[in-house]
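Below, each chain spelled out in residue letters.
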2 protein chains.
Amino acid sequence: MATRTTFDQALSELQQDILQMGIFVEDSIARAVESLAKQDLSLAQSVIDGDVQIDDQEMLIEDKCLKLIATQQPLAKDLRRIAAGLMIITDLERMGDLACDIAKIARRIADQPLIKPLIDIPRMAQLAQTMVKEALDAYVREDVELALKMAADDELVDSLHNQVFRELLVYMMENPKIINQATALLFASRHLERIADHATNIGERIVYLVTGERKELN
Amino acid sequence: MATRTTFDQALSELQQDILQMGIFVEDSIARAVESLAKQDLSLAQSVIDGDVQIDDQEMLIEDKCLKLIATQQPLAKDLRRIAAGLMIITDLERMGDLACDIAKIARRIADQPLIKPLIDIPRMAQLAQTMVKEALDAYVREDVELALKMAADDELVDSLHNQVFRELLVYMMENPKIINQATALLFASRHLERIADHATNIGERIVYLVTGERKELN
C-alpha cells in the first residue's frame with residue numbers, strides 16, 4: 001500500500017486526465033454543430049477524424065484506473081471515486097461518438113442549402129457543452145448541488161428537442177422535397193438530446209458517489 | 001485475500017447475474033419491437049415499466065463488482081474480468097433504455113394504422129437479440145472468435161437500417177401525411193442499430209480482455 005499522498009496525487013492526475021478528455025469532447029460537440037450550421041465540410045471532417053483520439057483517451061484513462069486499483073488497492077470511498085471515473089469516461093466516449101454522428105450528418109447534407117438558419121440546434125449544443133463542463137466540475141469537486149443541476153438543464157434540452165421535432169415535421173409536410181434534410185436535422189437534434197442524457201448520467205453518478213443514494217435525474 | 005475457490009465462485013455468480021440481466025434486456029428488445037409491429041399498447045407499457053428493473057440490476061451488479069474488488073483485491077487478469085463486467089452492464093443498461101425508447105414510439109403511434117407491415121425492423125431486432133446473447137456467451141466463455149463475430153452481425157444490422165431509412169424516405173416523399181409515423185419508425189430503426197453497436201462494444205471489450213488488444217469492430 002502506497003502512502004496516502006501518492007494515492008491522492010495519482011487520483012488527482014486521473015481527474016485531470018478526465019477533465020482533459022471532457023474538454024476534447026466539449027470541443028467536438030461545438031465543432032460538429034458549427035460544421036452543421038455553417039455547412040463546413042472540412043470542420044465536419046476534423047470532428048470525424050478526431051474521434052479516434054477520444055477513444056484513445058478513454059482507453060488510456062481506463063488502463064490508469066485499473067492500474068491504480070490493482071497497485072494501490074484503495075478502500076471503499078476511494079474505490080468508488082475511481083469506479084465513478086471509469087463510468088464517466090464511457091459516457092464521455094459515447095458523447096464523442098454522437099458528436100461524430102452529427103459531423104457525419106453535416107457532411108451528408110453539406111451540398112444542399114439549409115432549409116433555414118439553425119437556431120435551436122446550436123442552442124441545444126451550447127447547453128449540452130455547459131452540462132459536460134459542469135458535470136465534470138461536479139465530479140472533481142464532488143459537488144452534489146452542481147450535479148443535481150443536470151436535471152433542469154436536461155429538461156431544457158428535451159423541450160428544445162421537442163420544439164425542433166415539431167417544427168421539422170411541419171416543414172416536411174409542407175414541402176416533401178426537403179424530407180431528406182429535415183430527417184437529417186431531426187437526428188442531429190436527437191443526438192444532442194442524447195448527449196445531454198449522458199451528462200445527466202454523470203450527474204447521477206456523482207450524487208451516488210457523494211451521498212450513496214441512487215437518484216434518477218431524467 | 002480469500003481462497004481462489006471463493007473468488008472463482010464469486011466471479012461465476014457475477015457472470016450469472018450479468019447473463020440474467022442480458023436475458024432481461026433481450027426480452028425487452030423483443031417485446032418492444034413486437035409492441036411496435038402489432039401496435040400492442042399494453043405490451044409497450046410493460047417494456048416501459050420494466051426498465052426500472054434493468055436499472056436496478058445494473059446497480060446491484062455494479063455494487064457487487066466493487067465489493068468484489070474491495071474485499072478480494074484481485075490481481076491483473078481477474079481485475080480485468082470484473083472491469084469488463086462493469087463496462088458490459090453499462091452497455092446492457094443503454095440497450096434497455098433504447099428498447100424503452102422503441103416502446104415509447106410504439107405507444108405514440110398505436111392509434112394510427114401502420115403504413116405497411118414491418119419486416120426489416122423485426123429482423124433487425126432478432127439480429128440484435130442474437131448479438132446480445134452471443135456477446136454475453138463470449139464474455140462468460142472468454143471466446144474471442146464469437147466476440148469477433150459481432151463485426152459481421154453489426155454490419156448486417158447497419159445495412160438493414162440503411163435499407164429501412166431509404167424506404168421510409170420514399171414513403172414520406174410520396175405521402176407527406178405519413179411523415180409523422182415514418183419518422184417514428186426511422187427512429188425505431190436507428191435505436192436498433194445503436195443496440196447492435198452496444199453489443200459490438202461488448203465484443204470489443206472481450207477481445208481486449210482475452211488478448212490485451214484494442215480492436216475496433218465497427
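As the structure is a computational prediction, the values presented were derived from the model and not from experiment.

**Structural notes on the overall build of chain A**
For chain A, the count of helices and strands is six helices and zero strands. The order of α-helices and β-strands along chain A, N terminus first, is α-α-α-α-α-α. Against the globule reference of 17 Å for 218 residues, chain A gives a C-alpha radius of gyration of 19 Å, in line with a compact fold. In terms of overall dimensions, chain A has a C-alpha envelope of 65 × 35 × 20 Å along the principal axes. Here chain A, with 218 residues, has 56% of them falling under the buried criterion.

**What about helix α1 (residues 4-37) of chain B?**
Residues three or four positions apart in an α-helix share a direction because the helix packs 3.6 residues into each turn. Between the first and last C-alpha of α1 of chain B there are 49 Å, a value that for 34 residues agrees with the 50 Å anticipated at 1.5 Å per step. Looking one or two places after α1 of chain B, you find Gln-39 of chain B, whose phi comes out positive at around 50°.

**Observations concerning the interface of chain A and chain B**
Each partner contributes residues to the interface: chain A has 39 residues there, and chain B has 39 residues. In total, about 3600 Å² of surface goes out of reach between chain A and chain B, with carbon and sulfur atoms giving 62% of it. Counting the surface chain A buries against chain B, the share from its top three residues, Arg-94, Phe-187 and Arg-214 of chain A, is 16%. Linking chain A with chain B are ten salt bridges. A salt bridge links Glu-62 of chain A to Arg-205 of chain B, with the nearest nitrogen and oxygen atoms 2.8 Å apart. Here chain A is connected to chain B by ten residue pairs in polar contact (both at pLDDT 80 or more). For the side of chain A that touches chain B, the elements supplying multiple residues, two or more each, are α2 (41-72), α3 (76-108), α5 (144-174) and α6 (179-211) of chain A. Taken together, the residues of the side of chain A that touches chain B sort by class into 18 nonpolar, seven polar and 14 charged.

**A look at the UniProt feature "domain: PhoU" (unreviewed entry) in chain A**
Residue and element names in this part refer to chain A. Sites flagged by UniProt as "domain: PhoU" (unreviewed entry) map to residues 18-105 and 121-206. Here residues 18-105 is 93% helix and 0% strand, with 28 Å between the C-alpha atoms at its ends. Across residues 121-206 one finds 93% helix and 0% strand; the C-alpha atoms that close the span lie 28 Å apart.

**Quick look at the relation of the copies chain A and chain B**
When chain A is brought onto chain B, the operation consists of a screw motion whose angular component is 180° and whose axial shift is 0.0 Å, with 0.0 Å RMSD remaining. Those values place the two copies in the arrangement expected of a two-fold rotation axis. In this assembly, 100% of the residues forming the interface of chain A have copies in chain B that are likewise at the interface, indicating an isologous arrangement.

**A closer look at the pattern of salt bridges**
On inspection of all chains with the given rule, the structure shows 38 salt bridges over all chains. Asp-143 of chain A is the salt-bridge partner of Arg-141 of chain A, the closest N and O atoms lying 3.2 Å from each other. By relative accessible area, which is 52% here, Arg-141 of chain A ends up exposed. Asp-143 of chain A sits in the partly exposed class, given a relative accessible area of 21%. When the shortest N-O distance is used, the salt bridge between Asp-17 of chain B and Lys-64 of chain B registers 2.6 Å. Linking Asp-17 of chain B in helix α1 with Lys-64 of chain B in helix α2 (residues 41-72), this pair joins segments that are 47 residues apart in sequence. If you follow the salt bridges from partner to partner, you end up with Asp-101 of chain A together with Arg-190, Glu-193, Arg-194 and Asp-197 of chain B in one network.

**A few points about the packing of helix α4 (residues 120-141) of chain B against helix α5 (residues 144-174) of chain B**
Residues and elements named next belong to chain B. It is at 10 Å that the axes of α4 and α5 come closest, and there the two elements cross at 165°. Viewed along their axes, α4 and α5 adopt a mutual orientation that is roughly antiparallel. Considering the relative orientation of α4 and α5, their crossing is left-handed. Its residues assigned to classes, the contact of α4 with α5 shows 13 nonpolar, two polar and nine charged.

**Quick word on the nonpolar core**
Grouped together as the largest cluster of nonpolar side chains are 152 residues, with contacts concentrated most on Leu-36 and Leu-92 of chain A together with Leu-36 and Leu-92 of chain B. The residues contacting Leu-92 of chain B, other than those within four sequence positions of it, are Ile-18, Met-21, Gly-22, Val-25, Ile-54, Val-132, Leu-136 and Ile-202 of chain B.

**A closer look at the packing of aromatic side chains**
With the rule as written, the count across this model stands at three aromatic pairs over all chains. Residues Phe-187 of chain A and Phe-187 of chain B carry aromatic rings whose centres are separated by 4.6 Å and whose planes lie at 45° to one another, so their mutual orientation is tilted. Within this pair, whereas Phe-187 of chain A is found in helix α6, its partner Phe-187 of chain B is found in helix α6 (residues 179-211), the two belonging to separate chains. On the basis of relative accessibility, which here comes to 5%, the residue Phe-187 of chain A falls in the buried class. These aromatic residues form a ring-pair network of at least three members: Phe-165 and Phe-187 of chain A together with Phe-165 and Phe-187 of chain B.

**Observations regarding the environment of Ser-189 of chain B**
Residues and elements named next belong to chain B. Within the secondary structure layout, Ser-189 lies in helix α6. Residues Ser-189 and Lys-215, spaced 26 residues apart in sequence, show a C-alpha to C-alpha distance of 26 Å. When neighbours within four sequence positions are excluded, Ser-189 is seen to be in contact with Ile-121, Met-124, His-161 and Val-164.

**Notes on the confidence of the model for chain A**
All names here are of chain A. Taken as a whole, chain A shows an average pLDDT of 93; of its residues, 99% reach a score of 70 or greater. Looking across chain A, the model is least confident in α2, with a mean pLDDT of 93, and most confident in helix α4 (residues 120-141), with 97. Interface confidence for the predicted complex, expressed as ipTM, amounts to 0.82; the pTM equals 0.90.

What counts, and where the lines are drawn
Residues numbered from 1 in each chain as written. Chains lettered and ligands numbered in written order. Predicted model: local features only at pLDDT ≥ 70, side-chain atom pairs only at ≥ 80, totals over all residues. Heavy atoms only, no water. Helix = DSSP H or I, 4+ residues; strand = E, 2+ residues; numbered from the N terminus. Rg over C-alpha atoms; globule rule 2.2 N^0.38 Å. Buried < 20%, exposed > 50% of the residue type's maximum accessible area, 1.4 Å probe, protein only. Expected span 1.5 Å × (residues − 1). Contact = heavy atoms within 4.5 Å. Buried area = accessible area lost by both parts, 1.4 Å probe. Salt bridge = Lys/Arg side-chain N within 4 Å of Asp/Glu carboxyl O. Polar contact = N/O pair within 3.5 Å; in protein donor to acceptor, adjacent residues only side chain to side chain. Nonpolar A, V, L, I, M, F, W, Y, C, P; charged D, E, K, R; others polar. UniProt positions renumbered as here; feature names shortened; annotations may be inferred. Least-squares fit on C-alpha atoms with pLDDT ≥ 70 in both. Axes fitted to C-alpha atoms, helices over the stretch in contact; angles between N-to-C directions. Parallel < 35°, antiparallel > 145°, perpendicular 65-115°, else oblique. Left-handed = near helix turned anticlockwise from the far one by under 90°. Core = buried A, V, L, I, M, F, W, Y, C linked by side-chain atoms within 4.5 Å. Phe/Tyr/Trp six-rings, centres within 6.5 Å; stacked < 30°, edge-to-face > 60°. pLDDT = per-residue confidence, 0-100.

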